[in-house]
Amino acid sequence: MAEFDVVTPSVKVADGTLPTATGKALSVVALRKTYGDVVAVDEASMEIAAGEFVTFLGASGSGKTTTLMMIAGFCEPDSGTITVGGRDMTRLAPQKRGLGFVFQQYLLFPHMTVSENVAFPLTLRGVPKDEIRRRVGETLEIAGLSGFGGRKPRELSGGQQQRVALCRALVYRPPVILMDEPLGALDKKLRDQLQVEIKAIQQELGLTVIYVTHDQEEALVLSDRIAVMRNGLIEQFDTPRELFERPRTPFVADFLGAANFLSGHVEKHTDEHTLVRLDETGGLLKARRHELATGTQIKAAVQPGRLRAGAPGDGFCTGTVETATYVGTLVRAGVRVGSGDVLLRLEVPAGRGPVAGERVGVTADPEDVNLFADERER
Amino acid sequence: MAALTATARPRKLLASRRTRVGILYALPVVVYLLVLFVYPIFGTLFLSLKNADGSLTLHWYVDALTGVNLSVLITTLRISAETALLSLVFGFVLANAISRLKPLWAGLAMLVVVVPHFISALVRTYGWIILLGDKGLVNETLAGLSVPGTPYRLLYNELGVVIGTTSMMLPYTVLLLYGVMRGVDRRLLAAAASMGAGRVTIFRRVYLPLVAPGLASAGLLSFILSLGYYITPALMGGPNQTMIATLINQQVTKENQWNGAAAQGVILLLLTLAGLLLVKLVSSLGASRKKRSAS
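What you see as residue numbers is a count from 1 along each chain, following the sequence as written. The lettering of chains begins at A and the numbering of ligands begins at 1, in the order of writing. Only residues with pLDDT of at least 70 get local features here, since the model is predicted, and only at 80 or more are side-chain atom pairs given and counted; chain-wide, interface and lining totals rely on the full set of residues.

Engineer: I keep staring at the overall build of chain B and nothing clicks. Help me out?
Structural biologist: Per the secondary structure count, chain B includes 13 helices and 0 strands. Reported as C-alpha extents along the three principal axes, the dimensions of chain B are approximately 85 × 65 × 40 Å. Long-range pairs, those at least 24 residues apart, make up 73% of the contacts in chain B between residues at least 6 apart in sequence. Labels follow the DSSP assignment, with helices taken as runs of H or I lasting at least four residues and strands as runs of E lasting at least two, numbered in each case from the N terminus. We call two residues in contact if the C-beta atoms placed from their backbones are at most 7 Å apart.

Engineer: Whenever I open this one, the nonpolar core confuses me. Can you help?
Structural biologist: In globular proteins that are soluble, nonpolar side chains generally tend to be buried together. All names here are of chain A. Here a nonpolar core is just a set of buried residues of the types Ala, Val, Leu, Ile, Met, Phe, Trp, Tyr and Cys, joined wherever their C-beta atoms sit within 7 Å. Counting other C-beta atoms within 10 Å of each residue's C-beta, where C-beta atoms are placed from the backbone, gives the exposure class: buried for 20 or more, exposed for 12 or fewer, partly exposed between. Grouped together as the largest cluster of nonpolar side chains are 112 residues, with contacts concentrated most on Leu178, Ile210 and Ala300. For this core, the element with the most residues is helix 5 (residues 158–170), which contributes 6 residues. Apart from residues lying up to four places away in sequence, Ile210 is in contact with Ile48, Val54, Phe56, Leu68, Ile71, Val176 and Leu178.

Engineer: So what exactly am I meant to see when it comes to the sheet that holds strand 16 (residues 317–327) of chain A here?
Structural biologist: Consider a sheet: its strands pair through backbone hydrogen bonds, and that pairing is either parallel or antiparallel. All names here are of chain A. Think of it this way: DSSP has to see at least two bridges between two strands before they count as a pair. The sheet built from 5 strands is open, its strands ordered 15-19-16-17-18 with antiparallel pairing. Each edge of the open sheet carries a strand with a single partner, namely strand 15 (307–310) and strand 18 (342–349). This sheet shows a mean twist of 45° between the axes of neighbouring strands, independent of strand direction. By the bridge criterion, 4 bridges tie strand 16 to strand 19 (residues 359–364) in an arrangement that is antiparallel. Its bridge partner lying in strand 19, Thr320 is registered against Arg359. For helices, the fitted line uses only the C-alpha atoms of the stretch in contact; every axis is such a line through C-alpha atoms, and the angle between N-to-C directions lies from 0 to 180 degrees.

Engineer: How do you make sense of unusual backbone geometry when you look at a structure like this?
Structural biologist: Note: most peptide bonds trans; most residues except glycine with negative phi. Non-glycine residue A:Leu107 carries a positive phi angle of around 55°. With respect to the helices and strands, the residue A:Leu107 is situated in the loop between strand 6 (100–102) and helix 3 (114–124). Using a count of 22 C-beta atoms within 10 Å as the deciding quantity, one classes A:Leu107 as buried. Residue B:Tyr156 is not a glycine yet carries a positive backbone phi of 55°. Locating B:Tyr156 in the fold gives a position in the loop between helix 7 (137–144) and helix 8 (158–183).

Engineer: Which parts of the structure should I look at to understand the domain arrangement of chain A?
Structural biologist: One frequently used descriptor of interface size is the decrease in accessible area upon assembly of the parts. The domain architecture assigned to chain A consists of domain 1 (2–245) and domain 2 (258–377). An automatic or database domain assignment supplies the start and end points of every domain. Inter-centroid distance (C-alpha atoms) of domain 1 of chain A to domain 2 of chain A is 40 Å.

Engineer: Looking at this structure, I do not really get helix 4 (residues 129–142) of chain A. What am I missing?
Structural biologist: Since one α-helical turn is 3.6 residues long, residues separated by three or four positions face the same way. All names here are of chain A. Multiply 1.5 Å by the residue count of a helix minus one, and that product is the helix's expected span. An ideal rise of 1.5 Å per residue puts 20 Å on 14 residues; helix 4 measures up with 20 Å between its terminal C-alpha atoms. Considered for burial, the residues of helix 4 that qualify are Ile132, Arg135, Val136, Thr139, Leu140 and Ile142. Seen end-on, helix 4 carries its buried residues on one side only, within an arc spanning 155°. On the buried face of helix 4, the contacting elements are helix 3, helix 5 and helix 6 (188–205). Of the residues one or two after helix 4, Gly144 is the one with positive phi, at around 70°. Note that the arc is defined by the directions from the helix axis to the C-beta atoms.

Engineer: Whenever I open this one, the interface of chain B and chain A confuses me. Can you help?
Structural biologist: Contact residues are listed per partner, giving 17 residues for chain B and 21 residues for chain A. Mapped by element, the contributors of at least two residues to the side of chain B that touches chain A are helix 9 (186–194), helix 10 (199–227) and helix 13 (258–294) of chain B. With 6 residues, the single largest contributor to the side of chain B that touches chain A is helix 9 of chain B.

Engineer: Where do I start with the UniProt feature "domain: ABC transporter" (unreviewed entry) in chain A in this structure?
Structural biologist: UniProt positions are given in the numbering used here, feature names are shortened, and annotations may be inferred rather than shown by experiment. Under the present numbering, the feature "domain: ABC transporter" (unreviewed entry) in UniProt falls on residues 26–256 of chain A. Its end C-alpha atoms 25 Å apart, residues 26–256 of chain A is made of 37% helix and 25% strand.

Engineer: How should the sheet that holds strand 4 (residues 79–84) of chain A be read in this particular structure?
Structural biologist: All names here are of chain A. Read from one edge of the open sheet, 4 strands run 2-1-4-5, paired in antiparallel fashion. On the outer flanks of this sheet lie strand 2 (38–48) and strand 5 (87–88), each paired with one strand and no other. Bridging between strand 4 and strand 5 involves 2 bridges; their strand directions are antiparallel. In the sheet register, Thr83 faces strand 5, and the bridge partner there is Asp88. Lying on the sheet, helix 2 (residues 64–72) is in contact with strand 1 (26–35), strand 2 and strand 4; it crosses strand 1 at an angle near 120°.

Engineer: Honestly, the packing of helix 8 of chain B against helix 10 of chain B in this entry has me stumped. Any pointers?
Structural biologist: Each pair of packed helices can be summarised by the angle the axes make with each other and by the distance between the axes. All names here are of chain B. It is at 9 Å that the axes of helix 8 and helix 10 come closest, and there the two elements cross at 155°. By the angle between their directions, the pair helix 8 and helix 10 is classed as roughly antiparallel. In this structure, the crossing between helix 8 and helix 10 has a hand that is right-handed. The residues of helix 10 that touch helix 8, namely those facing Thr165, Met169, Tyr172, Thr173, Leu176, Leu177, Val180 and Met181, are Val211, Pro213, Gly214, Ser217, Ala218, Leu221, Ser222, Leu225 and Ser226. In these notes the angle categories are as follows: under 35 degrees is roughly parallel, over 145 is roughly antiparallel, 65 to 115 is roughly perpendicular, and the rest is oblique. Crossing handedness: left-handed means the near helix sits turned counterclockwise from the far one by under a right angle, and right-handed means the same turn made clockwise.

Engineer: Help me understand the packing of helix 5 of chain A against helix 6 of chain A, please; the structure alone is not making it clear to me.
Structural biologist: All names here are of chain A. Where helix 5 contacts helix 6, the axes come no closer than 11 Å and their chain directions differ by 20°. The orientation of helix 5 relative to helix 6 falls into the category roughly parallel. The chirality of how helix 5 crosses helix 6 is right-handed. Contact residues: Gly159, Gln162, Leu166 and Leu170 in helix 5; Leu190, Leu194, Ile198 and Leu205 in helix 6.

Engineer: What should I look at first to understand the UniProt feature "transmembrane region" (unreviewed entry) in chain B in this one?
Structural biologist: Feature annotation in UniProt places "transmembrane region" (unreviewed entry) on residues 21–48, 68–95, 107–131, 159–180, 206–231 and 261–282 of chain B, given in this structure's numbering. Helix makes up 88% of residues 206–231 of chain B and strand 0%, and the two end C-alpha atoms of the span are 40 Å apart.

Encoded structure:
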């Protein structure tokens, strides 16, 4: 069984016979959905370009799945509009939208073979038999499933079933393919492998994909852009790099980067930098220039991987290494600073890792420091 | 070598304590089945093959399959088929409606379907007779609505028998179909819709194939149960609707003709087995056709 799971996707370039990109921009404007008093999705708006891989990332209850269901047509928005390729679909039934959908539970038709499953959407569209056979064959080949056409879904492993579901969603070249945590039911190793395959197929065929997940790593691996959602709001919709390096809210900094937070206030600005006086340690932290008024109470966020341990006295604060855990290529260190209330988390290359009990100065590149006006003051 | 293992195996089997305990547990059931199931069946079979002088004969079967007896058999098959078909249709509509209800309402609806079944079939049959008579509720209502041709003959003919037996079979078909329909993942239908399938297509190409096994077993069950049904056909039918169970009853109680009754009983049993075999055959044929068309 295991050997079937190790199938590398063919990465040959589309030669015209393969379904090529037909993606048209999808736009969502001020989409809103409430269940009783609970606002599931609050005024979500976004533009998605053709050929783009977009992920809705958030914890459960963040509104990511509801948004996807509204785009699919399984759930009707209270207000707002959804347009695909310039066509308003807000109130259209799901079967009239012509979108592709991949479900977490695969939902293959158990009474049909793999081929029949993949052929199903084509038969609905009145595609001639020869063409159906050709396209089903091609699509199965892309997903590394040639030779599985005659099998029933229950004879396949979870990963293979989800590949079939993917084939079924892309065989009719929908303008947008929606995926609702498609890898959620698979184990880690298979998930990693399928992520690579999905990304390869998406790029090869130029598919426009909207993907829902709660897994940050998965979102980073797959996406061109990620919409980080919380409590029905899109916190930030950006490229993975922007989200990582320029989070716009403390939530994004925490959710994606697991950032260290330090409170303080803006002391002064230079041409390129903003200097922050930290509350707990009294140290001066240099950040890249932020447009914040002098004296503003702020929170500074720095990711563990962007902090470095130097000689005592270096950097913005000095503390004692409390824990140093070796995790392969990295050492995760906890450094107790200030009066002892703050534990900074550091991730440093294993070779130069600090040891427990050592006194170190913690430094950060001003470019890696993000400042947020403290919400408590607002 | 073979002989050695052959003798060694049973000893080894019995040597296991678990096996001995298992046999002990199974013994009451085995005895029960032997006494009350296997013995009567072979007794009946023997009776149906026995001549008056004790020699073996097939002439009870010849009797059972000729003349009036044959036409009774054919009537039985026809009425059973009609009943199976009608209870399938009504059962499907009813079970489908119930399976779409919220759990609480579905539970109540199932209760309404099943509870009448706790009432004696005799009482229910008389209930139908009262409803369907020339001066019964149905005809009175139709007359009140000035429907031409009233009163309709709804009793003591085949229509009456089929109405009666169908109502008796309905709880079985609804229960069976409801179970199968609840087992159908509704999200599969949503998946089909997401690919562009309309309601009719979803019903025909996804829903129906998924509940087909349930339809086959429900249809077969009501057919088999109808084959041997006695009270309702006897009370709601006329002389032309005599079914095989009535005939067997007459032979035993009125003519003291046990051998002929036994032969008809065996025929009934064989018909039932044939029905089971047919469904099995059809389903496996369908599966192999599928396999061939796929490859």
